[in-house]
Amino acid sequence: MAEPADRPSTAGQRLGAPESFGVSTLEPGLRPQVASGGGRHVSIRVQMLDDAQEVFQIPQRSPGKVLFDQICVHLNLAEGDYFGLEYTDQRKMTLWLDLLKPTLKQIRRPKNTILRFVVKFFPPDHTQLMEELTRYLFALQIKRDLACGRLMCNDTSAALMVSHIIQSEIGDFDETQSWQHLLHNKYLPDQDAIRDKITECHRKHVGQTPAVSDYQLLEIARRLEMFGIRLHPAKDREGTKLSLAVAHTGVLVFQGYTKINAFNWSKVRKLSFKRKRFLIKLRADPAQNAHHDTLEFAMASRDCCKIFWKICVEYHAFFRLFEEPKPKPKPILFTRGSSFRFSGRTQKQIIDYVKDSELKKVPFERKHSKVLSNSSVSPQSSSFRSQVPKESAISVQVVDQPDSAGLGHAPESNGSKELAAASANGFHDIPAAPGSDPPPSRQNHNGSGSAFLNPESPGSEDSPVGGPHVVVNGNGPLNGQGSGCAGILGPGPEGQQLSPLTSPLLTDAGCIRNDDEEEARRKKFPTDKAYFIAKELLTTERTYLKDLQVVTESFQGFVGKGEGFPESVTTLISSSYDPVHKFHQGFLKEVEQRLAQWEGRSNAHIKGDYQRIGDVLLKNIQGLRQLTVHLQKHSECLVELERACRSNRKVEALCRDLEQQRVCYLPFNIFLLRPLHRLLHYKLILERLCKHYPPTHEDFRDCRAALADISEVALQLQGSMMKMENFQKLLELRKDLTGIDNLVIPGREFIRLGCLSKLSGKGLQQRMFFLFSDSLVYTSRGMTPSNQFKVHGQLLLYGMTIRESEEEWGVPHSFTLFGQRQSVVVAASCAAEMEQWVEDIRMAIDLAEQSSGQNADLLSTSLTDNKLSEDGGAELESEEELCGSRSSLERQGHRGNTTVHVCWHRNTSVSMVDFSIAVENQLSGNLLRKFKNSNGWQKLWVVFTNFSLFFYKSHQDDYPLASLPLLGYSVTVPSESENIHKDYVFKLHFKSHVYYFRSESEYNFERWMEVIRSATCSASRSLPSSRKDLY
């Protein structure tokens, strides 16, 4: 990194720090002195973050602090304490230079050693870095970590980060220049695979300065689970291979590249090591056994333990202490323990000093940048703050992500942190379809545009994923990382470009409601419960008509562009759905007209004639009976479409591409079943009306007659509906599983899916279990490009027995499955989850024994031939994590936000009974949404279906902007301490992710609470095991 010839000041002038701190305070032109006075000098080579090598002359006996001070002076770096000097010794071990010890006692052969000036302490929030130079050096560190594969992430995040790096280096997008630059520079190990995505992202950064690019790069990187993580190999007491790492929050434990545990500094009483054992002593938890408060990890050697222990001590002091710790007094006779301590300023001291001092902005040269950098443009300026969100969501991933990953973390104050996996714990954006042109930006009420970018998570909740992952439209992984390149960025309030990490749903920018106006508007409408039931009919009918348009318009228009789609299938679907769509268009107009009259918005104000809905329902349900012949063909449409996909790869590719379109926010097969599901909704609405009206009411007779008609139609189609729901579920699961053959066969029924921990030689390992009427399959989530679940084994239910085994194995909520070929010990996350699994498995065993014979194995021949063992599968999985962590779900055309991924990230399960309940409990309408620490309420059109909330700007929108998977969430009423002094408010929370939603009436409040509880609380135990009782 070259130094400008005319430098206005030095670090010594700018810092003003006392000598005990780790950065030079000398005047210009003076060199650091050592206590021993003059003497010989030695040359030390240091490699900077921009790959330049500089030579520094230091006295032979000088401590490492002298060399470090010289580097900070050379760079004019005021916030130098975030950095450190690392080197590789003769044992090939990477060490940090101790600033208190003599340099030459640590580096035995200075002529053959190159020290590396790198980031040592990674803060949780990059806005704590006050100077542009510091952020630039952090950006160089991220660039280096990406290139060497240390910073693991998916394709979307990698492409977006590389696009910001290129923007800072070559400026605005030029197709030829950008392409050539990517050819001659290596930013990622597998860069060629996502080169198109990088250029697409780079195209959207027009006008962005290098300083802004650095800021945005840090904004994305800090949300990644592996940001700033340096893994130290270790093993637990059972010999399982793990990795330890340290972060600002505490000590982390990784298995592969997945974080499996974290020990917060507040819970850690002492860190120590004894020979090759690294010990973490936790504070006693009154709720648990106080004797089990020490965790032990085995590392390769004592030196490895000591290296990791030292960096833990330094991280704790840097982020948790207010000032540099004082040295211990030297003992007179005996020494016990290490005298090592952190040397330098703590983070609080750095922040306080920079805030209190008026440091001059010193220009510096960006070695790799061809763009003139205006260092006066700082992201800390007020003009820039209007562009960059505080903590915009997603992030998903997440999809919580899930605490992802992924799911992503859902916003707590105006936004969220991203999760891995996330995803799946907060809002998840909808990426644009591959190869499709981005639609025009939708403007918020304040004029800001929409950006469709992710945080899992699953997940999220950090997505979720994660997160809770991340996750809307089914295209992004749950850890919350959707297609970042598909963002449509509109101008901000001051004509500035919004940050690509800002979503209109996840900021307070748009649609802030005036509470007085809202109350006055609400009082104008009728208060009769029948009115709100009729309004529910209207809102859900609008959503239903939009879903029908996916089949009648989007599907037919999409397949019309492709070649090779069977005309017979197109004709069958068109002839079966077009009449239904046309009928419901007229039905919706009649309902809208009646509600307008009921509300007094038309010229008719006669109370008795128009404050009713039964006559409209009776007339149209009688008309709907004439369409029964078309409804009966819908199951045939699903079967024929599947047959065409199985026999023709082009048809399968077309259907897969259709599901990547934004309008197709659910699996396409679900849209084909919507007309059958709608019959159940009409029946439930009419049942509520009949229950509300007294028998003498003028509308009661029409409602009762309409209920009788719709019940007859629903009963007639009940058998077909149940078969098609099971068929559709098997088809969806087939996309999520790899290594399985003949999943969809006659007679097989899906019963339950979810997470259980399987006991193996390596301890408890998370596995995804799928229970069918004839077998139980267990899988793990593979890190393959399609992100599918990889099958590890299968247990046939015929002849299986089950036994609870908590006392035998000492594992809570565990039970053993004894099959004909093998036995498996599994553990559930809680007692309720275990009870549901045991009940469903016993029911499935009864079904298997009642069947005439055993079905063929589900496992594919490749897995059977290879006899994949559990341990072998785990090794293969870890290898795939190394090579496939940046896999793009979008590029492979596979949905990454399915219910399976959400269950994986949030460690829960769902049964077929739950799916059937979710079919009934669909709801639509306007809600006001508020984050935990936001100021105003934002009006959104919200659709609840498929265990998720989908968010729109209005009911006229063709596709949702974001979604929130609800599995694992809790729905409650805010407490007094939360200061939500409004009526009809309910609260959704998962771990630290909190959302408030406000409805317009008591009836709507109760309905939203009812349907959301059906998704957040499994209904399997409280309902009959037979789904026939549901209809």
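Residues numbered from 1 in each chain as written. Predicted model: local features only at pLDDT ≥ 70, side-chain atom pairs only at ≥ 80, totals over all residues. Heavy atoms only, no water.

J.: For this particular structure, what's the right way to read the pairing of strand β11 (residues 277–282)?
T.: Where strand β10 (residues 268–274) and β11 come together, six bridges link them in antiparallel fashion. Bridge pairing in β11 places V268 opposite L282. Between β10 and β11, which pair antiparallel and follow one another directly, the connecting turn spans two residues, one of which, R275, has a positive phi of 55 degrees. (Pairing = 2+ DSSP bridges. Helix = DSSP H or I, 4+ residues; strand = E, 2+ residues; numbered from the N terminus.)

J.: What am I meant to see in the state of the cysteines here?
T.: Considering all chains together, one arrives at zero disulfides under this definition. Free cysteine C304: the closest other cysteine sulfur is in C305, separated by 7.2 Å. The buried category is assigned to C305, whose relative accessible area is 0%. (Disulfide = S-S within 2.5 Å. Buried < 20%, exposed > 50% of the residue type's maximum accessible area, 1.4 Å probe, protein only.)

J.: How should the environment of R1013 be read in this particular structure?
T.: Within the secondary structure layout, R1013 lies in helix α30 (residues 1002–1016). Assessed through its relative accessible area of 42%, R1013 is described here as partly exposed.

J.: Teacher, can you tell me more about α30 here?
T.: Since the α-helix packs 3.6 residues into each turn, any two residues three or four apart lie on the same face. With 15 residues, α30 extends 21 Å between its outermost C-alpha atoms, agreeing within 8% with the 21 Å of an ideal straight helix rising 1.5 Å per residue. Judged by how many residues are buried, α30 sits mostly within the fold: eleven of 15 residues are covered. Along α30, the residues that are buried comprise Y1003, N1004, F1005, R1007, W1008, M1009, V1011, I1012, S1014, A1015 and T1016. (Expected span 1.5 Å × (residues − 1).)

J.: I would appreciate a short explanation of the pattern of salt bridges in the present structure.
T.: A side chain of one charge can pair with a side chain of the opposite charge if their charged atoms are brought near each other. Taken as a whole and assessed by the stated rule, the structure comprises 43 salt bridges. In this structure, E1010 and R1007 form a salt bridge, with 3.1 Å as the shortest nitrogen-oxygen distance. Taken together, the residues E1010 and R1007, both in helix α30 and three residues apart, mark about one turn of the helix. Take E1010: its relative accessible area is 43%, and that puts it in the partly exposed class. Using a relative accessible area of 6% as the deciding quantity, one classes R1007 as buried. (Salt bridge = Lys/Arg side-chain N within 4 Å of Asp/Glu carboxyl O.)

J.: What am I meant to see in the confidence of the model for the protein here?
T.: Parts of the prediction with low pLDDT should not have their coordinates interpreted in detail. Looking at the protein, pLDDT values average 75 and 71% of them are 70 or higher. The secondary-structure element of the protein with the lowest mean pLDDT is helix α27 (residues 889–892), recorded at 32, while strand β5 (residues 114–119) shows the highest, at 94. Contacts of residues 860–896 to residues separated by more than four positions or lying in other chains number 108 contacts, the stretch itself having pLDDT below 50. (pLDDT = per-residue confidence, 0-100. Contact = heavy atoms within 4.5 Å.)

J.: Would you explain the side chain of S760 in this entry?
T.: Topologically, S760 is positioned in strand β17 (residues 750–760). A polar contact of 3.3 Å, which involves the side chain of S760, links it to the side chain of Q765. (Polar contact = N/O pair within 3.5 Å; in protein donor to acceptor, adjacent residues only side chain to side chain.)

J.: I keep staring at the packing of helix α4 (residues 132–147) against helix α8 (residues 210–221) and nothing clicks. Help me out?
T.: The angle between the axes and the distance between the axes are what describe a pair of packed helices. α8 packs onto α4 with a crossing angle of 55 degrees between their chain directions and a minimal axis gap of 9 Å. With respect to each other, α4 and α8 are oriented oblique. Here α4 runs over α8; the crossing is left-handed. In this structure, α4 uses E132, R135, Y136, F138, A139 and I142 to contact α8, whose residues at the interface are A211, D214, Y215, L217, L218 and A221. In the contact of α4 with α8, the residues fall into nine nonpolar, no polar and three charged. (Axes fitted to C-alpha atoms, helices over the stretch in contact; angles between N-to-C directions. Parallel < 35°, antiparallel > 145°, perpendicular 65-115°, else oblique. Left-handed = near helix turned anticlockwise from the far one by under 90°. Nonpolar A, V, L, I, M, F, W, Y, C, P; charged D, E, K, R; others polar.)

J.: How do you make sense of the sheet that holds β5 when you look at a structure like this?
T.: Consider a sheet: its strands pair through backbone hydrogen bonds, and that pairing is either parallel or antiparallel. In space, the five strands of this open sheet follow the order β2-β1-β5-β3-β4, with mixed pairing throughout. The sheet terminates laterally at β2 (53–59) and β4 (94–96), the two strands that pair on one side only. For this sheet, the mean angle separating the axes of adjacent strands, direction not counted, is 40 degrees. Here three bridges tie strand β3 (residues 83–88) to β4, and the two strands are oriented antiparallel to one another. Paired with E86 across the strands is W96, a residue of β4. Packed onto the sheet, helix α2 (residues 64–75) meets β1 (41–47), β2, β3 and β5 and runs at close to 135 degrees relative to β2.

J.: Can you help me understand the nonpolar core in this one?
T.: For soluble globular proteins, the rule of thumb is that nonpolar side chains tend to be buried together. Within the largest apolar cluster, 100 residues are counted, with the highest numbers of intra-cluster contacts made by V46, L67, F83, F117, M161 and F278. Looking at this core element by element, the count peaks at ten residues for helix α9 (residues 302–320). Within the second largest apolar cluster, 78 residues are counted, among which are Y577, L641, L658 and Y682. (Core = buried A, V, L, I, M, F, W, Y, C linked by side-chain atoms within 4.5 Å.)

J.: Could you clarify how one ought to interpret the packing of aromatic side chains in this entry?
T.: Geometry of an aromatic ring pair is reported as the spacing of the ring centres plus the angle between the planes. Enumeration over the complete set of coordinates arrives at 35 aromatic pairs. For the ring pair Y531 and W598, a centre distance of 5.8 Å and an interplane angle of 70 degrees mean the geometry is edge-to-face. You can see Y531 sitting in helix α13 (residues 529–561) and its partner W598 sitting in helix α14 (residues 567–598), a full 67 residues away along the chain. In this structure, Y531 and W598 share a single accessibility class: buried. Above the face of the W179 ring, R195 is positioned so that its terminal group lies 5.0 Å from the ring centre. One cation-aromatic arrangement involves R906 over F990; the distance from NZ or CZ to the ring centre is 5.2 Å. (Phe/Tyr/Trp six-rings, centres within 6.5 Å; stacked < 30°, edge-to-face > 60°. Lys NZ or Arg CZ within 6 Å of the ring centre and 35° of its normal.)

J.: Please clarify how unusual backbone geometry should be interpreted in this entry.
T.: A negative phi holds for most residues other than glycine; trans holds for most peptide bonds. Here N979, not a glycine, exhibits a phi torsion of approximately 55 degrees, which is positive. Along the chain, N979 falls in the loop between β29 (970–972) and β30 (985–990). For Y984, which is not a glycine, the phi torsion comes out positive at approximately 60 degrees. Mapping Y984 onto the fold places it in the loop between β29 and β30.

J.: How do you make sense of α13 when you look at a structure like this?
T.: Compared with an ideal rise of 1.5 Å per residue, which puts 33 residues at 48 Å, α13 spans 48 Å between its outermost C-alpha atoms and is within 8% of the ideal. Of all the bends in α13, the greatest, near 35 degrees, is centred on Q549. (Bend = angle between axes of the 7 residues up to and from the residue.)

J.: Sorry if this is basic, but what is going on with the packing of helix α5 (residues 155–170) against helix α7 (residues 195–202) here?
T.: It is at 8 Å that the axes of α5 and α7 come closest, and there the two elements cross at 55 degrees. Looking at the two axes, α5 sits oblique to α7. By crossing handedness, the relation of α5 to α7 is classed as right-handed. Contacts between α5 and α7 involve D155, T156, A159, L160, V162, S163, I166, Q167 and I170 from the former and K197, I198, C201 and H202 from the latter. Residue classes in the contact of α5 with α7 are distributed as seven nonpolar, four polar and two charged.

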